[in-house]
Protein chains: 6
Amino acid sequence: MPIITLEGPKITDLEKRRGLVRELTDAAVKAYGLSQEKIIVILHENSREQVGVAGELLIDRD
Amino acid sequence: MPIITLEGPKITDLEKRRGLVRELTDAAVKAYGLSQEKIIVILHENSREQVGVAGELLIDRD
Amino acid sequence: MPIITLEGPKITDLEKRRGLVRELTDAAVKAYGLSQEKIIVILHENSREQVGVAGELLIDRD
Amino acid sequence: MPIITLEGPKITDLEKRRGLVRELTDAAVKAYGLSQEKIIVILHENSREQVGVAGELLIDRD
Amino acid sequence: MPIITLEGPKITDLEKRRGLVRELTDAAVKAYGLSQEKIIVILHENSREQVGVAGELLIDRD
Amino acid sequence: MPIITLEGPKITDLEKRRGLVRELTDAAVKAYGLSQEKIIVILHENSREQVGVAGELLIDRD
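What you see is a predicted model; the values in this text were computed from it and never measured.

> How should I be thinking about the relation of the copies chain E and chain F in this particular structure?
Mapping between the two chain copies consists of a rotation about an axis together with a translation along that axis. Overlaying chain E with chain F gives an RMSD of 0.0 Å, the required rotation being 120 degrees about an axis along which the chain moves by 0.0 Å. The two molecules are tied by a three-fold rotation axis, judged by turn and shift. The C-alpha atom lying nearest the rotation axis in chain E is that of E:H44; the distance is 5.5 Å. Of all interface residues in chain E, a mere 7% are interface residues in chain F too; the two copies therefore contact each other through different surfaces.

> Mind showing me how you'd approach helix α1 (residues 14-32) of chain D here?
Side chains that are three or four residues apart share a direction in an α-helix, a result of its 3.6 residues per turn. Taking 1.5 Å as the rise per residue, α1(D) with 19 residues should run 27 Å; its terminal C-alpha atoms sit 27 Å apart, in good agreement. Buried within α1(D) we find D:R17, D:G19, D:L20, D:V21, D:L24, D:T25, D:A27, D:A28, D:A31 and D:Y32. Tucked into the core, α1(D) has its buried residues touching β3 (51-53) and β4 (56-57) of chain A, β1 (3-8) and β2 (40-45) of chain D together with β1 (3-8) and α1 (14-32) of chain E.

> What should I look at first to understand the sheet that holds strand β1 (residues 3-8) of chain B in this one?
The strands making up a sheet associate through hydrogen bonds between their backbones, and the pairing can be parallel or antiparallel. Across the sheet, which stays open at both edges, the 8 strands sit in the order β4(D)-β3(D)-β2(B)-β1(B)-β1(C)-β2(C)-β3(F)-β4(F) with mixed pairing between neighbours. Strands with a single pairing partner mark the edges of an open sheet, and in this sheet they are β4 (56-57) of chain D together with β4 (56-57) of chain F. In this sheet, strand β2 (residues 40-45) of chain B lies alongside β1(B) in parallel orientation, the contact comprising 6 bridges. Note that in β2(B) the partner of B:I4 across the bridge is B:V41. The strands touched by helix α1 (residues 14-32) of chain B within the sheet are β1 and β2 of chain B, β1 (3-8) of chain C together with β3 (51-53) and β4 of chain D, with β2(B) carrying the most contacts at an inclination of about 135 degrees. Packing against the sheet, helix α1 (residues 14-32) of chain C makes contact with β1 of chain B, β1 and β2 (40-45) of chain C together with β3 (51-53) and β4 of chain F, and its axis sits at approximately 135 degrees to β2(C).

Rules used in this analysis
Residues numbered from 1 in each chain as written. Chains lettered and ligands numbered in written order. Predicted model: local features only at pLDDT ≥ 70, side-chain atom pairs only at ≥ 80, totals over all residues. Heavy atoms only, no water. Least-squares fit on C-alpha atoms with pLDDT ≥ 70 in both. Contact = heavy atoms within 4.5 Å. Helix = DSSP H or I, 4+ residues; strand = E, 2+ residues; numbered from the N terminus. Expected span 1.5 Å × (residues − 1). Buried < 20%, exposed > 50% of the residue type's maximum accessible area, 1.4 Å probe, protein only. Pairing = 2+ DSSP bridges. Axes fitted to C-alpha atoms, helices over the stretch in contact; angles between N-to-C directions.

In structure tokens form, the structure reads like this:
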């Protein structure tokens, strides 16, 4: 079961997505002592109009 | 209030979506003894580039 | 993969918990055409001090 | 850290989005006594085909 | 429907919890133009052993 | 901002928790090219009465 959900910006580089899923999974395997097959990763991608920090949308911050 | 959030692949068949919402709601009604009006279902749809199992993205698995 | 997360009050009756997990799973199996083994259910239990409806905590509503 | 995630319909008016993020953030600042910089808001937008109330998809309700 | 989920530390002062729920709800009412009755708030409380920032658990940071 | 939420069983060994938070954070730093300070990890811990796989609660499976 363990499920890792990541809320972040979109990652367009497919190799980076692959590496991220692999490393998040490895971290969970080590901590829980479970087989890789049990670990699920979900990447939720959010635009800069969907995220606010310090009371401001990201589109208004940088 | 109870809120059922489902993370899964996209369901394109509208009748299947309707059936899914109805059955998830019925299951919650029975377990909580609350009226149907209180139950909310949210279907989060994820592409095969957004989900990893066993350290691999779904696009790389089948 | 599909993952069903339920935010609701605590269910103390173990048979009701079992029934709920079984029926939520069955609903997902039917909608996705996946085997039961792929479906995960997580029951998040919230006290009446943790939930608000219409601007009021549940402890202040009934 | 505190993280406020909102599941709702899409808000197309950018000024309303800005106001929402600001007010959610202010509410958290007051309750936690933390600086604005610590508060993150995520707006998850759901279509009317993705949400069910009382066992029906929103597209079938009004 | 809109659902506001807050991940934060525990708020022990009940008046602060009430104010937080009221203000989060008011912010959503204004942004969506929906009645108060439609807005749900869930406060998920996390201990300092459950949260990490910058790679460290909060118990190790201050 | 990126936020990593992990739904899993409780990890009682504090060193394992520390390692998990560090490695999840490192994976996100590498994928997003952001500083460590921006990455938040939340560990949601679920008992075996709160999780179902294949239609059965974990307490009924092993």
